[in-house]
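Observations on the three-dimensional arrangement
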Amino acid sequence: VSPDEEGICSGKYFTEAGLVGLLEQAAASFSMAGMYEAVNEVYKVLIPIHEANRDAKKLSAIHGKLQEAFSKIVHQDGKRMFGTYFRVGFYGTKFGDLDEQEFVYKEPAITKLAEISHRLEGFYGERFGEDVLEVIKDSNPVDKCKLDPNKAYIQITYVEPYFDTYEMKDRITYFDKNYNLRRFMYCTPFTLDGRAHGELHEQFKRKTILTTSHAFPYIKTRINVIHKEEIILTPIEVAIEDMQKKTQELAFATHQDPSDPKMLQMVLQGSVGTTVNQGPLEVAQVFLSEIPNDPKLFRHHNKLRLCFKDFTKR
């Protein structure tokens, strides 16, 4: 297939020169985005082509770029910022086909909730009128019966990539945990009497897991949600998750290379400080002071004991 006026090959097949040119552009784009692992995948396709053509000059340039990419992986791993994700729900007939649709938005690194909220509020406020648009501040399930039919509502929630336990065996590096993302999660605390927060023994948590139609990174910066799953955690399960998180933070802080005393001090203060409300000490007093009466809680009770065993070891 011959190139068009802009020099880009079109159609199902490419000339070798056109393919090489597109792959070189892709490698340069991945490098600019800090996705150095993807640079390696692109060059895996290019290297055999240049080897077949005995093009030592281009092979030398590619291996130089690969050395640079792998060097950056070694020195920048954990410091690269691949993006921040938000769930955005649209409610109201004024949105037309978007009514009751949910999307996951990918925003630039370290984007605050207030920033995306301000941007979307300005965009849709200009479209429908500022007095018509309303942003729902919480992350609770939306009851359409309680909404004004003459208004347009947007609900924005910060979400994090979600992985099952078996997935973590393959998602080892920082890049693995920020690439090919289709599932996201956000948590909503609640109590049975309607309050968001309560005492430890009455604090429940709703974990909402969203699945998108395509994986990030993608051509578009927003992808529609095609599946939603909710998991309700009882108070003792919430306590188990909190203890596991504190143990992981301690493990990370004590294994940093080079070590960071300030980080360790902050983690220790949040773990064992007597001034911290509802810390590990109170968790132990609330849930482990007595054997639970309900046999269904025996497993959770034992799991929490094991969490404290790991925590004290750390």
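In the block above lies the structure referred to throughout.
Below you will find a few notes about this structure.

What counts, and at which threshold
Residues numbered from 1 in each chain as written. Predicted model: local features only at pLDDT ≥ 70, side-chain atom pairs only at ≥ 80, totals over all residues. Heavy atoms only, no water. Core = buried A, V, L, I, M, F, W, Y, C linked by side-chain atoms within 4.5 Å. Buried < 20%, exposed > 50% of the residue type's maximum accessible area, 1.4 Å probe, protein only. Helix = DSSP H or I, 4+ residues; strand = E, 2+ residues; numbered from the N terminus. Contact = heavy atoms within 4.5 Å. Pairing = 2+ DSSP bridges. Phe/Tyr/Trp six-rings, centres within 6.5 Å; stacked < 30°, edge-to-face > 60°. Lys NZ or Arg CZ within 6 Å of the ring centre and 35° of its normal.

Overview of the nonpolar core
Residues Val42, Tyr43, Leu46, Ile47, Ile62 and Leu66 are the most contacted members of the largest nonpolar core, which totals 15 residues. Those elements giving two or more residues to this core turn out to be helix 1 (16–32), helix 2 (36–52) and helix 3 (56–76). Take this core: its biggest share by element is seven residues, from helix 2. Other than its neighbours up to four places away in sequence, isoleucine 47 contacts Leu59, Ile62, His63 and Leu66.

Remarks on the pairing of strand 7 (residues 222–233)
Across three bridges, the pairing between strand 2 (residues 102–107) and strand 7 is antiparallel. Bridge pairing in strand 7 places tyrosine 105 opposite arginine 222. Strand direction decides the pairing type here: strand 6 (residues 204–216) and strand 7, joined by eight bridges, are antiparallel. Paired with threonine 208 across the two strands is glutamate 230, which belongs to strand 7. Joining the antiparallel neighbours strand 6 and strand 7 is a turn of five residues.

Some details on the environment of glycine 89
Following the sequence through the fold, glycine 89 ends up in strand 1 (residues 84–91). Expressed as a C-alpha distance, the spacing of glycine 89 and glutamine 101, which sit 12 residues apart in the sequence, is 5.9 Å. Residues contacting glycine 89, with those up to four places away along its chain left out, are Gln101, Glu102, Tyr153, Ile154 and Gln155.

A short note on the packing of aromatic side chains
Describing an aromatic ring pair means giving the distance of the ring centres and the angle of the ring planes. Applying the stated rule across the entire model yields 16 aromatic pairs. Ring plane angle 75° and centroid distance 5.9 Å describe the contact between phenylalanine 82 and phenylalanine 175, whose orientation is recorded as edge-to-face. With phenylalanine 82 in the loop between helix 3 and strand 1 and phenylalanine 175 in the loop between strand 4 (152–161) and strand 5 (181–190), this pair connects stretches of sequence that are 93 residues apart. Across this residue pair, the class does not change: phenylalanine 82 and phenylalanine 175 are buried. Taken together, a centroid distance of 5.0 Å and an interplanar angle of 70° make the contact between phenylalanine 90 and phenylalanine 95 edge-to-face. Taken as a pair, phenylalanine 90 and phenylalanine 95 share a single burial class, namely buried. Pairwise contacts between aromatic rings join Phe90, Phe95, Phe103, Phe123, Tyr124 and Phe128 into one cluster. When the ring centre of phenylalanine 190 is taken as origin, the NZ or CZ atom of arginine 206, which lies over that ring, is 4.7 Å away.

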